[in-house]
Amino acid sequence: MDKLSIQGGQPLSGRIPISGAKNSALKLMVAALLTDQPVTLSNIPDLSDTRFLAQLLATLGVEVYWPKGASVCHLNAATLTSTIAPYEQVRKMRASFNVLGPLLAREGHANVSLPGGCAIGARPVDLHLQAIEAMGADLVVEAGYVKAAAIRGLKGAHVNFPFPSVGATEHAMLAATLADGETILENAAREPEIADLAVCLNAMGAKVSGAGTDTIRVTGVPALSGVDHKVMPDRIEAGTYAMAAAAAGGDVTLDDAPVAALGACLSALREAGVQVDADRAAGTVRILRNGRRLEAVSIATQPHPGFPTDLQAQFMALMTLADGTSIIRENIFENRFMHAPELTRLGADIAVRGPEAVIKGVETLHGAPVMATDLRASVSLVIAALAAQGETVVNRIYHLDRGFERLEDKLAGCGARVTRQAD
Ligand code: EPZ
């Protein structure tokens, strides 16, 4: 298993190009199942998660052409050869579960494994199933699989989500594109990736309106066509590098950044005393911090446009060095503080009480061996390591490879001393 060695205490200076959004790319790839024509996705991040989903799609009969390192992925679901998404594949990556709706819409039946829990929480799929069932599918949960049938096709439905789940909103939207009649999704999630998916679906001939608001309307059409779509930039990757620059200090400009989607993150950084110059038209964000100590800022994670749970760990890493005490409340997932004890190994002062973490800022962190159990937790350790004195070795970096494209190259390009070591 590869490790990352980081010699901290070095300010960062330079430019970092932001890749396509993982969490958008995954749903856009699934959308290829809805048409028998070619779908070409550009600006697609080459990550273990996107590669993994490409493998699942290939298992279902989708022709995938995506050379290693290429940022364009060609998908062609002219003929589907299977409607079974096996446990081994769905268990490893939850977004795989979203093939259920499109398979049902296209083939009238599907057999998809339940994803099970994961390191950050139980993460049930009841809201996904509620929506698909409302569209007229017969669902049986048996031996860990959802066996679904909609022999006469899916029909439009009115779904009022009790919680704005990102995955369930996207899943329902995908399935509704080919349903008979109108689907209305209320209390829908408003994450920017949902709007990106709607742009792609509409370019395929779907009729989706309201994506990005809490009410989405989808009028079903008989068939969708192929599309060329550019994946939106990754707001979580951009926020992560912004926090890395803020933690280590220096002067870093993010290129191809989704400025409009970064509101809560950039506000929190400004509140902490970081200079943030964002240019929406140019898609750039310049982060500057020279010498001055950060101020403590409390945040609570919320569905978009609130502070994203996917940046909570990174913000905690930053707050470990702030002047004062900050409180971070995690409202989305019930077990997303596993980075706290690892940050403590670097000298941070963090007490976790249920859904809240109380962080008393310290003046200096010191390098240590650490490891993490999920993607964003791992990168929070990288951020802390960049600011710490001495060497930190981050173990189990396969988590990082799930969601950060060329992380060590991008950081090294700004002067960070980061090297990957094979075990
Ligand atoms: C997406 O997960 C993202 N993943 C997550 O990113 C992100 O943290 C999350 O949205 C919230 O922003 C992808 O897009 C692939 P949810 P998702 O459904 O769709 C509960 C990362 O690090 N819930 O909005 O699974 C659920 O348990 C990942 O890139 C139900 O109870 O998130 C959670 O507590 C991690 N029943 C909350 O809702 C359901 O049927 C939010 O989940 C569905 C969800």
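Here, every reference points to the structure presented above.
In this text the structure is predicted, and so the values were computed from the model without any measurement. (Residues numbered from 1 in each chain as written. Predicted model: local features only at pLDDT ≥ 70, side-chain atom pairs only at ≥ 80, totals over all residues. Heavy atoms only, no water.)

Draft legend 1. Seen up close, the site of the ligand. Neighbouring the ligand are 21 residues; Asp126, Ser165, Asp310, Ile332 and Arg376 lie closest to it. Here Arg123 contributes a side-chain N or O atom positioned 2.9 Å from an oxygen atom of the ligand. One nitrogen or oxygen atom from the main chain of Leu127 is found 2.7 Å from an oxygen atom belonging to the ligand. Considered on its own, the ligand offers 830 Å² of accessible surface; in the complex 86% of this is hidden by protein. Among the residues forming the shell around the ligand, the class breakdown is nine nonpolar, five polar and seven charged. Structurally, the shell around the ligand is a two-domain feature, drawing no fewer than three residues from each of domain 1 (2-18 + 233-422) and domain 2 (22-230). (Near = heavy atom within 4 Å. Polar contact = N/O pair within 3.5 Å; in protein donor to acceptor, adjacent residues only side chain to side chain. Areas by Shrake-Rupley, 256 points an atom, 1.4 Å probe, with all protein chains shown as cover. Nonpolar A, V, L, I, M, F, W, Y, C, P; charged D, E, K, R; others polar. Domains from an automatic or database assignment.)

Draft legend 2. The environment of Arg106, seen in detail. Relative to the helices and strands, Arg106 is located in helix H4 (residues 100-107). Residue classification places Arg106 among the partly exposed residues on the basis of a relative accessible area of 22%. For the pair Arg106 and Gly153, spaced 47 residues apart in the sequence, the C-alpha separation amounts to 8.2 Å. Apart from the residues lying within four places of it in its own chain, the contact partners of Arg106 are Leu33, Leu34, Thr35, Asp36, Ala77, Ala78, Thr79 and Leu80. (Helix = DSSP H or I, 4+ residues; strand = E, 2+ residues; numbered from the N terminus. Buried < 20%, exposed > 50% of the residue type's maximum accessible area, 1.4 Å probe, protein only. Contact = heavy atoms within 4.5 Å.)

Draft legend 3. View of the nonpolar core. Counting 76 residues, the largest nonpolar core has Met29, Leu33, Leu57, Val99, Leu154, Met173 and Leu201 as the members making the most contacts within it. Residues within four places of Leu33 in sequence aside, it is in contact with Leu57, Leu60, Val62, Ala77, Leu80, Val99, Pro102, Leu103 and Arg106. The next biggest cluster of nonpolar side chains, apart from the first, holds 75 residues, and it includes Val285, Met319, Leu375 and Val379. (Core = buried A, V, L, I, M, F, W, Y, C linked by side-chain atoms within 4.5 Å.)

Draft legend 4. Up close: the pattern of salt bridges. Enumeration according to the criterion identifies 18 salt bridges in this entry. With its nearest N and O atoms 2.6 Å apart, the salt bridge here joins Arg286 to Asp251. Of the two residues, Arg286 sits in strand E17 (residues 284-289) while Asp251 sits in strand E15 (residues 250-255), which places them 35 residues apart along the sequence. For Arg293, the salt bridge identified is with Glu363, shortest N-O distance 3.9 Å. Residue Arg293 is found in the loop between E17 and strand E18 (299-300), and its partner Glu363 is found in the loop between strand E21 (356-360) and strand E22 (369-371); the two are separated by 70 residues along the sequence. The exposure class assigned to Arg293 is partly exposed, which follows from its relative accessible area of 30%. The class of Glu363 is exposed, set by a relative accessible area of 67%. Here the salt bridges share partners, and the residues they tie into one network are Asp2, Asp401, Glu408 and Arg420. (Salt bridge = Lys/Arg side-chain N within 4 Å of Asp/Glu carboxyl O.)

Draft legend 5. Examining the sheet that holds strand E11 (residues 182-186) more closely. Overall, mixed pairing links the four strands, which are arranged E10-E11-E13-E12 in an open sheet. Bordering the open sheet on either side are strand E10 (158-160) and strand E12 (207-209), each of which pairs with just one other strand. Taken over all neighbouring pairs, the strand axes of this sheet differ in orientation by 10 degrees on average, direction set aside. As judged from the three bridges shared by E10 and E11, these two strands associate in the parallel manner. Considered in E11, the bridge of Val159 is made with Leu185. (Pairing = 2+ DSSP bridges. Axes fitted to C-alpha atoms, helices over the stretch in contact; angles between N-to-C directions.)

Draft legend 6. Molecular detail of empty space enclosed by the protein. Under the criterion given, the structure shown has one cavity of 30 Å³ or more. The calculated volume of the largest cavity comes to roughly 30 Å³. What lines the largest cavity is simply Ser19, Gly20, Pro45, Leu47, Asp234, Glu237, Gly403, Phe404 and Glu405. Broken down by class, the residue content of the lining of the largest cavity amounts to three nonpolar, three polar and three charged. (1 Å grid on protein atoms, 1.4 Å probe; cavity = no way out; pocket = protein on both sides within 12 Å on 5 of 7 lines; lining within 4 Å. Points joined across faces, edges and corners; volume = space filled by probe spheres on them.)

Draft legend 7. The arrangement of unusual backbone geometry in detail. A cis geometry characterises the amide bond from His304 onward to Pro305, with omega recorded as 15 degrees. Mapped onto the elements, Pro305 comes out in the loop between E18 and helix H10 (312-319). Located in the positive-phi region is Asn43, a residue other than glycine, with phi close to 60 degrees. The class for Asn43 is partly exposed, based on a relative accessible area of 22%. One non-glycine residue, Ala143, lies in the positive phi region at around 50 degrees. By the element assignment, Ala143 lies in the loop between strand E8 (138-142) and strand E9 (145-149).

Draft legend 8. The layout of surface pockets, seen in detail. Considering only enclosed or pocket space, the second largest pocket measures out at about 430 Å³ in volume. As for the second largest pocket, its lining consists of 24 residues, of which Pro45, Asp46, Leu47, Glu405 and Arg406 are closest to the centre. It is helix H14 (residues 407-412) that provides the largest number of residues to the lining of the second largest pocket, a total of three residues. Classifying every residue of the lining of the second largest pocket by side-chain character gives eight nonpolar, six polar and 10 charged. Summarising the domain contributions, the lining of the second largest pocket has at least three residues from each of domain 1 (2-18 + 233-422) and domain 2 (22-230).

Draft legend 9. How the structure looks around the packing of aromatic side chains. In this structure the tally under the stated criterion is one aromatic pair. The side chain of Arg51 reaches across the aromatic face of Trp66, ending 3.7 Å from its centre. (Phe/Tyr/Trp six-rings, centres within 6.5 Å; stacked < 30°, edge-to-face > 60°. Lys NZ or Arg CZ within 6 Å of the ring centre and 35° of its normal.)

Draft legend 10. Seen up close, the sheet that holds E9. If you trace the four strands from one edge of the open sheet to the other, you get E6-E7-E9-E8, paired in mixed fashion. Sheet topology places strand E6 (84-85) and E8 at the edges, where each strand pairs with a single neighbour. Across five bridges, the pairing between E8 and E9 is antiparallel. In the strand pairing of E9, Glu142 is matched with Tyr145. Contacts from H4 reach strand E7 (109-113) and E9, with the element oriented near 165 degrees to E7.

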